[in-house]
Amino acid sequence: MSTEIPKLPPRRVDSPTKGAAEGAALLTSTSLSPMALLVRLETNQKDHQHVFKRFIIESTDQDTLAEEEKLLETVNTEDFNPTPIAERATVAQYICQVCHAWLHVTHTNIPFENESKIQNQCPGAQYICHHYHLQGLDTFQCCGCEYTLATEMQDAVLPLVVLDRLQATRPKTRSFADLMQNKGDQTPTMTSTLTTALMYIKDLLNGTKRNINANNPHFLSRIGLSDGSQALLETIGFHMEDNYFIAPDIELGSFTEQRLKKIQKEIILVLETLRLELGSASVPYTAAEANMKVKTANMQELLGIIPSLENRYTSNSEYIVRAYASFGLTSGASDSLVAWTYNKLISETTMDPYDAMDALVTISNQSNSDVLRTLVACERSKGKIGWSEIGDAYAYFGITEDAADDRLLIGLYQVKLSDEPEEKTLHQDKLKIIAIARASSELIEFLKEEKGIASSSSNQSVEDMMGVPAHMVNSAQNTPVGLNNIGNTCYFNSVLQYYFTILPFRSAMIHNEQYVEDGFSEPKKIGGIEVDRSEVIRAKKFVELLKGLFIKLQETNEKAISPEYDLAYMALLNEKDDDTAAAEIIGEKVSASSSVQNVPLSFLEEETIEKDLISMDDETPIDTEMTETDTTDSDPIPIPKSSTTDEDKDLFDALNTELQTKGTNSSSSSIKMENEEVEFEFRRTSFTNEIAPPNSPPPSYHDIVPTTSEKMHFEEDIKEHIAEAPKAKERPSVDTMMFGKQQDVTECMGNVMYLVEAALKPLKTTEDGEQIDDMIRQVFYGKARQILSYYDNTTSKMIKKEMEEDFSHVIIDASEGKDLYDGLDEYFFADKVEEFQGGYEATREVTVKSFPPVLQILVQRVQFDRATANVYKSNAFIQFDKVIYLDRYVEDNFEQLRDRRTEVANWRTELEKSKKEVDKYKQFKNLNFPVPDLLEAARQVLSQVAIDETEEFRNKKQIALQVLAKEAEEKRQIIQSNIEKMQEFRSKIKDQYSDYKKLAYKLHAVFIHQGQANYGHYWIYILDHDENQWWKYNDSMVSKVNESEVYHDTTGSTANPYFLVYVDQNRVNEYVETIVKR
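Residue positions within a chain follow its written sequence, with the count starting from 1. Since the coordinates come from a predicted model, pLDDT governs what is reported: local features require at least 70, and pairs of side-chain atoms require 80 or more to be given and counted, while whole-chain, interface and lining totals use all residues. The basis for every side-chain value is the complete set of heavy atoms in the structure, and neither hydrogens nor water enter the calculation.

**Student:** What exactly am I supposed to notice about the overall build of the protein chain here?
**Tutor:** By the criteria applied, helices consist of DSSP H or I runs no shorter than four residues and strands consist of E runs no shorter than two, each listed in order from the N terminus. On a plain count of helices and strands, the protein chain comes out with 39 helices and 31 strands. Exposure classes here rest on a 1.4 Å probe applied to the protein chains alone. A residue is buried below 20% of its type maximum, exposed above 50%, and partly exposed in between. Out of the 1078 residues in the protein chain, the part that is buried amounts to 52%. Within the protein chain, counting contacts between residues at least 6 apart in sequence, those at least 24 apart form 72% of the total. Here a residue-residue contact requires only that any non-hydrogen atoms of the pair lie within 4.5 Å.

Here you go:
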């Protein structure tokens, strides 16, 4: 028999064109109305819209019916893996009539205080319906009542190709007349095949295991032996052996039973479709259908759809559909729902107000609604505008936004007024739109004078007379100011915004005259680096520039300002551009010989920069929008000067070098080799005090300044440079500067910290001049005790050595399946030291004597692939909490929690074993395909192979099919068993320290990096603790965001957290202030 499937007529479904367009527009919406959510669920495939059905058991007893209905719609949660939403939740399942895909919905139950409420209508105060927000992957929660739905789509268990093959080789049914007259041979039909298959399934589910004789006449007349029928039976679970279909074992409550029940329902759905087409006389109901009936899914009740508020699609215009979709609505939304949703989104600040106004105007113009026209007029009277209006206003004055400043706009207005005095009101309205868009106090004041409004008028009066928001007239604006990107400096802008919110830091910069060194400062060291007078001078200049920027951020009424070029240059390149300082440094580097005294240091530095630029141009493609390079600075906890012996010091130095790459695949030496030349002119800029690690771009001071024994050779090199010196190079632009340097947030922070500390007067120093106390140390540094235990190679005695050390940040690895606590535990708790040279069975653990008020946590994402010798970025999702508790890491709890730490370590070992087992079978090699599914697919393909088979071939084929089925089931059980173990271990680990919650730290800032290891873009989220409001600082754009944007699962995205900042919860008001009252 030919295996070729004849082309069948398309399935009869409604045209999806209009609904598909609406659904596609809604796929990007993060907030949705109930009807919009339904359309989104219906439209997640290209060729059709889902038509959801449900199954009920027909009964005359209404109470029994209700219970059975609920039972039928409840599925085994082990059968799929939705996002967990509550301990008490209902799980329902629906099936698409067209493609037989399954929709699983886990939803919470709504407590109704008012029984008169419509079933499943939102009980939230002033909510006319549910207002869903996307919480994660396919999870939606109403912000009014926290009603939550977690959805998951699964493919049909019985492949449609099997049904199509059957339908291609047999009629759908025999007519009633044919049955009465017994015309023709008793050949199988689709109806007889499926009803007989249902009988087999019913027996299996009832525990009756019967093998099927493939040569039985009844079997041949009802089903027949063909490729299609064999594929059907094998999908059910039978396998062929010696002309018998051997029945499978069905264990109660197993995955196999759940799978079989789905196949049963899918077959019943096919029969119901045939029944609707041919009539119940041709496709009669049978006992095998177990009184199950197919009904249209009651999505209205599930989602809380209110027909009077929103119906299905009404507009064919893609432009109009997009406007509705921007509000999370379908184009069938009522005017009252549009108005309510607009106000809700504006109050939530989840939508750009300019976009919201554009959409509202579009919908209002289309609907010609009095309700919406009135709302638009009211909003405009409050100064609300849209992007289209802003563009029209600039075009009205014949200028673009980037080429306009306030003085030029005033001049253009006056020209317009001179040419067309009768259009004065129109000129003012256009200028007002631009003033609002620019948040320009200068334009607002000018318009007040033009309109003759007294300066003593109240804000409310100005708002009423001008249609400008009162807060824009008031100089005390409460919106953070953005920072313009002056040349691929997004990470620098993020660092500046972060430091501006740290109160002691901001205060010290603005009032730096009280904190900085005077002209008679003593020599000192920072992190072991000698700081000379020239560096102090340069550092003081940097602090003064930082002061100017911070004052502007406090006082300006502009939406965004630009950092000074020199501020960025000094922070990013650490160049000594002060001529006097440069001359003094040259004097330190070379002897006082007259032949070299007048050589400018910039000659050597600029030559290095030029070489770097050439090498970057040759090797690195430049992205005009994303050009910053993400090369993580991975400093271990520092080792300061102490009373430790030289031998112990060397031991801990070696240990920290090893710990630097612990838990990662990084190859520090390789990274250093790439960056060694590029970073020539950097001073030591790490947070920490140890010698710069191999992959830390800024080398130590001693890597730059030669020792006495090296000076003679250095002088000769300088003389050679003088003899061959070309014309001095020009100072590179900021753009060029960024392309020539490998920079990221942590490196930039290191540079800033070094410069600030160099400028600050030390509050305390050691005997050798090490600066160990200042504002930076008091805010960002904690104190830890590192403990190294090992057996001595010679004596075999246990040796324990300890060292106290300061730290300014903690490093955690970005690894799949781990949260913040996992990373912190790995950092602090006991861990084996591999290849330790001083002994064997070496372990290292760290306990904290004091955490800093501001705790900085670096998420180590840049790693090294030894197989490809390439640096790459890990995009693993790291879950972190609003508040973390650090009691488990402090010195006072160290001994009493030792047994708990051991338990956690054992659980983590078992968890990792289970995870490896799951990973082993979840994905086959490089294919994103689970092994059980791969085996099942192979079995189905083999079962459908149709050639001239010998008896021997058929026997081998049946054995192979049996082995594949057995292996697939075994692998499914292994996966499920290990998933359950992982959940158990995670729960134990999470609860292990639940009674230690005194030392609480609250999240303050989250740095985000979007891109790959060698390029990308940064922005930062910072919390306003007073209002519990998150702000997103994306260069010049500063906007409010919902906290869900900060905490959401970033799986599958290259935009993920890179640096976290927590603040002592009891000292938040003392150390941070996000919004400055201006």
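**Student:** Even after reading the chapter, I still don't get the side chain of Thr 847, so can you show me in this structure?
**Tutor:** With respect to the secondary-structure elements, Thr 847 resides in strand β22 (residues 839–850). A relative accessible area of 1% places Thr 847 in the buried class. Polar contacts involving the side chain of Thr 847 include one to the main-chain carbonyl oxygen of Tyr 889, which spans 3.5 Å. Not counting chain neighbours up to four residues away, the residues in contact with Thr 847 comprise Ala 784, Arg 785, Ile 787, Tyr 889, Val 890, Glu 891 and Phe 894. Whenever a nitrogen or oxygen atom comes within 3.5 Å of another N or O atom, the pair is scored as a polar contact, on the condition that within protein one atom can donate a hydrogen and the other can accept it, and that pairs from neighbouring residues in sequence are kept only if both atoms are in side chains.

**Student:** What should I look at first to understand the sheet that holds strand β10 (residues 244–246) in this one?
**Tutor:** Sheets are built from strands that pair by backbone hydrogen bonding, the pairs being arranged parallel or antiparallel. Any two strands with at least two DSSP bridges between them are considered paired. The strand order across the open sheet formed by 3 strands is β8-β10-β9, and the pairing between neighbours is antiparallel. Taken across any chain shown, the strands that pair with only one partner, and hence form the sheet edges, are β8 (212–213) and β9 (239–241). Where β9 and β10 come together, 3 bridges link them in antiparallel fashion. Across the sheet, the residue bridging to Glu 241 is Tyr 244, located in β10.

**Student:** Explain the nonpolar core here, please?
**Tutor:** Note that soluble globular proteins tend to have their nonpolar side chains buried in a common cluster. The biggest cluster of nonpolar side chains holds 116 residues, and the ones touching the most others in it are Tyr 498, Phe 505 and Phe 780. Buried residues of nine kinds, namely Ala, Val, Leu, Ile, Met, Phe, Trp, Tyr and Cys, make up a nonpolar core once their side-chain atoms join them within 4.5 Å. Judged by nonpolar contacts, the second largest core, of 54 residues, contains Cys 129, Ile 305, Ile 306 and Phe 327.

**Student:** Could you clarify how one ought to interpret the side chain of Ser 229 in this entry?
**Tutor:** Inspection of the secondary structure assignment puts Ser 229 in helix α8 (residues 227–236). Not counting the four nearest positions on each side in its chain, Ser 229 is found in contact with Leu 166, Arg 170, Ile 223 and Gly 224.

**Student:** What is the right way to read unusual backbone geometry from this model?
**Tutor:** Note: most peptide bonds trans; most residues except glycine with negative phi. The phi angle at His 100 is positive, at roughly 65°, despite the residue not being glycine. Along the chain, His 100 falls in the loop between β3 (90–96) and β4 (102–107). Although it is not a glycine, Asn 1028 sits at a positive phi angle of roughly 50°. Mapped onto the secondary structure, Asn 1028 falls in the loop between β28 (1015–1024) and β29 (1029–1034).

**Student:** I keep staring at the sheet that holds strand β11 (residues 292–296) and nothing clicks. Help me out?
**Tutor:** An order of β1-β5-β6-β7-β4-β3-β2-β11 is seen for the 8 strands of this open sheet, with the pairing classed as antiparallel. Edge positions in the open sheet fall to β1 (31–32) and β11, since each of these has one partner strand only. The pairing of β4 with strand β7 (residues 148–154) spans 6 bridges and is classified as antiparallel. Bridge pairing links Val 105 to Thr 151 in β7.

**Student:** It is not clear to me how the pattern of salt bridges should be interpreted in this structure. Could you clarify?
**Tutor:** Where charged atoms from two side chains of opposite charge come close, those side chains can pair. What makes a salt bridge here is a side-chain nitrogen of Lys or Arg within 4 Å of a carboxyl oxygen of Asp or Glu, nothing more. By the definition in use, this model includes 38 salt bridges. Put simply, Asp 919 and Lys 915 hold a salt bridge, and the shortest N to O gap is 2.9 Å. Of this pair, Asp 919 and Lys 915 both sit in helix α35 (residues 898–922), 4 residues apart, roughly one helical turn. On the basis of relative accessibility, which here comes to 19%, the residue Lys 915 falls in the buried class. Connected via shared salt-bridge partners are Glu 757, Arg 777, Lys 783 and Asp 806.

**Student:** Got a minute to help me understand the packing of aromatic side chains in this structure?
**Tutor:** Between two aromatic rings, the relevant description is the distance of the centres plus the angle of the planes. Stacked, edge-to-face and tilted are the three classes for Phe, Tyr and Trp ring pairs, Trp counted by its six-membered ring, which pair at centre distances within 6.5 Å; planes under 30 degrees apart are stacked, over 60 edge-to-face, the rest tilted. Counted according to the given criterion, the structure contains 28 aromatic pairs. Seen in terms of ring centroids, Phe 219 and Phe 245 are 5.9 Å apart; in terms of plane orientation they differ by 45°. Their pairing is tilted. A residue pair is termed long-range when its members are at least 10 positions apart, and Phe 219 in helix α7 (residues 217–222) and Phe 245 in strand β10 qualify at 26 residues. Consider the rings of Tyr 499 and Phe 505, whose centres lie 4.6 Å apart with planes at 15°: the pair is stacked. Across the pair, exposure class does not vary: Tyr 499 and Phe 505 are buried alike.

**Student:** Before we go on, may I ask you to explain the confidence of the model for the protein chain in this structure?
**Tutor:** Any region with low pLDDT has predicted coordinates that should not be read closely. Confidence in the prediction of the protein chain, expressed as mean pLDDT, is 76, and 73% of residues score 70 or more. The quantity known as pLDDT measures the predictor's confidence residue by residue, on a range of 0 to 100. Note that pLDDT drops below 50 for residues 1–16; the model gives that stretch 20 contacts with residues more than four away or on any other chain. Counting interchain partners and residues more than four positions distant, the pLDDT-below-50 stretch residues 575–644 has 184 contacts.

**Student:** Is there a simple way to explain α35 in this structure?
**Tutor:** Residue pairs three or four apart in sequence face the same way in an α-helix, which turns once every 3.6 residues. For α35, which comprises 25 residues, the first-to-last C-alpha distance of 35 Å matches the rise-based estimate of 36 Å (1.5 Å per residue) to within 8%. Residues of α35 that are buried include every one of Arg 901, Val 904, Trp 907, Arg 908, Leu 911, Ser 914, Lys 915, Val 918 and Tyr 921, and no others. Next to the buried residues of α35 lie α34 (820–828), β22, α36 (931–943) and α37 (951–991). The span you would expect from a helix comes to 1.5 Å times its residue count less one.

**Student:** I would appreciate a short explanation of helix α11 (residues 318–326) in the present structure.
**Tutor:** Of all the residues in α11, the buried ones are Ile 320, Val 321, Ala 323, Tyr 324 and Ala 325. Gly 328, located one to two residues past α11, shows a positive phi value of around 75°.

**Student:** How should I be thinking about the pairing of strand β2 (residues 52–57) in this particular structure?
**Tutor:** Along any regular strand, the residues point their side chains to alternate faces of the sheet. The element β2 is largely enclosed, with a buried count of 5 among its 6 residues. Of the pairings in the sheet, the one linking β2 to β3 comprises 2 bridges and is antiparallel in character. Within the sheet, the bridge partner assigned to Lys 53 lies in β3 and is Ile 95. When β2 meets β11, the two strands line up antiparallel, connected through 5 bridges. Following the sheet pairing, Phe 55 is matched in β11 by Val 294.

**Student:** I would appreciate a short explanation of the environment of Ile 811 in the present structure.
**Tutor:** Along the chain, Ile 811 turns up in strand β20 (residues 809–813). Between the C-alpha atoms of Ile 811 and Gly 823, which are 12 residues apart in sequence, the distance is 8.0 Å.

**Student:** What am I meant to see in the packing of helix α12 (residues 335–348) against helix α14 (residues 370–381) here?
**Tutor:** Two numbers describe a pair of packed helices, the interaxial angle and the distance between the axes. Every angle, taken between N-to-C directions, lies between 0 and 180 degrees, and every axis is a line fitted to C-alpha atoms, over only the stretch in contact when it is a helix. Where α12 meets α14, the axes come as close as 9 Å, and the angle between the chain directions of the two elements is 25°. In terms of their interaxial angle, α12 and α14 are classed as roughly parallel. In this structure, α12 uses Asp 335, Val 338, Ala 339, Tyr 342 and Asn 343 to contact α14, whose residues at the interface are Val 371, Leu 372, Leu 375 and Glu 379. Each angle is binned into one of four classes, with values under 35 degrees roughly parallel, values over 145 roughly antiparallel, values of 65 to 115 roughly perpendicular, and all other values oblique.

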